[in-house]
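Observations on the three-dimensional arrangement
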Amino acid sequence: MFDDGQTAKAQQEDNTDTGLSLEIIPRDGHSISRRQISENALKVLYRLHKSGFNAYLVGGGVRDLLLGLEPKDFDVVTNATPEEIKKLFRNCRLVGRRFRLAHIVFGRDVIEVATFRGHHGNSEEKISKVNSAGRLLRDNVYGDIDEDAERRDFTVNALYYNIADYSIRSYGGGIHDLKARSLRLIGDPETRYREDPVRMLRAVRFATKLGMSIDKRTAAPIKSLAPLLKDIPAARMYEEVLKLFFAGKALNNYQMMREYQLFAPIFPLVESLLRDDPKGPAARLLSEMMHNTDVRVGEDKPVTPAFFYAALLWYPLQNRAQDIALESGLSPYDAFFAAMGDVLEQQCRSVSIPRRFSTPARDIWQLQMRFERSQGGRAFKLMEHPKFRAAYDLLLLRANAEGGNLAKQASWWQQFVESDDDKRQQLIRSGNKTGGSRNRNANQRRRRKPRRPSEKPQAAE
């Protein structure tokens, strides 16, 4: 992380303005090299610096480099305002309402540049805004680097790499928390969580991603404040779900979210089932689905929210379909289709699911009903469906979770999928003999030919 022999040379100061301690680690006291920083991030840092502004690499980029990880992106912070940044870069666009940011675009690579954030108070109500629960709604208050550090969430993110002299500014003991693998929130935890409840999810995500433990004081209010997540816009929560479950730590995040009661406000339909039957099919399917997602991410295979939500909401869908059938008298088939809309609508109240994912999720659900009816000649046609593979994967997960007849059905399909055409024909014939393909006339009594009006029953003669 940094050279222990040089650590003693680091300058330590008490930051009386923010209450955070400051440690300045010179270039020869840490391991970060400019060769590890993206070329585009360096361009932005150097142009800001040469234009007379302060410029720092900040947060996760610095943290990950010190941990020997490859940063996902490089964020920059400066004392230049968004408008001043835009004047320096023709390839700049300003985004954000809650806090204005500058995005410097280099093709597909985007370097995010933020202005130092400052403290907000009642006198600045026109600039910053807080709701009755304490959540920040708008936060365009600018300050200096010391104030910006206090506005960061965790100490391990309050790390600034100075392009002027290549030193690192560590606030609040961030460097030492990084070495101790301790995730500690800056400021009063309850106040910070009320400002932005998503910080509770970030605590879980950073803990699993970085292999850290959450500091006791930081963890203490999470369970009681978890319901605040219900107030977060569904569109923003969609992005947070992607970060939690599509980055290779889905199972760990799922388990920790349930431990801190953060899963319930995001997925209330699923939580209800898990609470009623903690070791039931829904719990087994979710754990296996999360594990399989992590394996696919680790193998650099594609993962899609469509399959994730289809598997996640399968058992809530089943329950809702049964309720509709009982309440309305609809056939199981019609009740199933009606339940799809209800379940997706309820889930979208907490997490927005774009139509490009909800529509294929419906296809995956519909195919589950066709598996049982297609263990015959229609099996070949079913395999041609664009969502067959995803639906087949869900069938295997369900079979592992439930066993019984469903496991036998999944076994037949597994043989069918993995066989050549000759073997598949044999399986179809075998399936017909064992009742895998339903013969609609098998159990029907042969009908007599209707008599003509002039004919009389033989018994009457």
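This write-up is about the structure you can find in this document. This is a predicted model, so every value here is computed, not measured.

1. Points about the pairing of strand β6 (residues 101-106)
Where strand β5 (residues 92-95) meets β6, four bridges bridge the pair, whose relative direction is antiparallel. Its bridge partner being in β6, valine 95 is matched across the sheet by leucine 101. The turn joining β6 and strand β7 (residues 109-115), which pair antiparallel and follow one another in sequence, is formed by two residues; a positive phi near 65° is taken by glycine 107.

2. Let's talk about a positive patch on the surface
A surface patch of positive charge is lined by Arg370, Arg373, Arg378 and Lys381. For the positive patch, the secondary-structure elements that each account for two or more residues are α18 (355-373) and α19 (378-383). Mapping lysine 381 onto the fold places it in helix α19. Judged by relative accessible area, which is 60%, lysine 381 ranks as exposed.

3. Digging into unusual backbone geometry
Despite not being glycine, tyrosine 166 shows a phi value in the positive range, around 65°. As for its position among the elements, tyrosine 166 is in the loop between β10 (159-162) and β11 (168-171). Here tyrosine 166 falls in the partly exposed class, since its relative accessible area comes to 21%. Of note, glutamine 261 is a non-glycine position whose phi angle comes to about 60°, a positive value. Residue position: glutamine 261 is located in the loop between α12 (250-259) and α13 (268-276).

4. Observations regarding α18
Its 19 residues give α18 an end-to-end C-alpha distance of 28 Å, which sits within 8% of 27 Å, the value for a rise of 1.5 Å per residue. Among the residues of α18, Phe357, Ser358, Pro360, Ala361, Ile364, Trp365, Leu367, Gln368 and Phe371 are the ones counted as buried.

Cut-offs used in this document
Residues numbered from 1 in each chain as written. Predicted model: local features only at pLDDT ≥ 70, side-chain atom pairs only at ≥ 80, totals over all residues. Heavy atoms only, no water. Pairing = 2+ DSSP bridges. Helix = DSSP H or I, 4+ residues; strand = E, 2+ residues; numbered from the N terminus. Patch = residues over 30% accessible without salt bridge, like charges linked within 9 Å, V, L, I, M, F, W, Y side chains within 5 Å. Areas by Shrake-Rupley, 256 points an atom, 1.4 Å probe, with all protein chains shown as cover. Salt bridge = Lys/Arg side-chain N within 4 Å of Asp/Glu carboxyl O. Lys, Arg positive; Asp, Glu negative; His and termini not counted. Charge placed at Lys NZ, Arg CZ, Asp CG, Glu CD. Buried < 20%, exposed > 50% of the residue type's maximum accessible area, 1.4 Å probe, protein only. Expected span 1.5 Å × (residues − 1).

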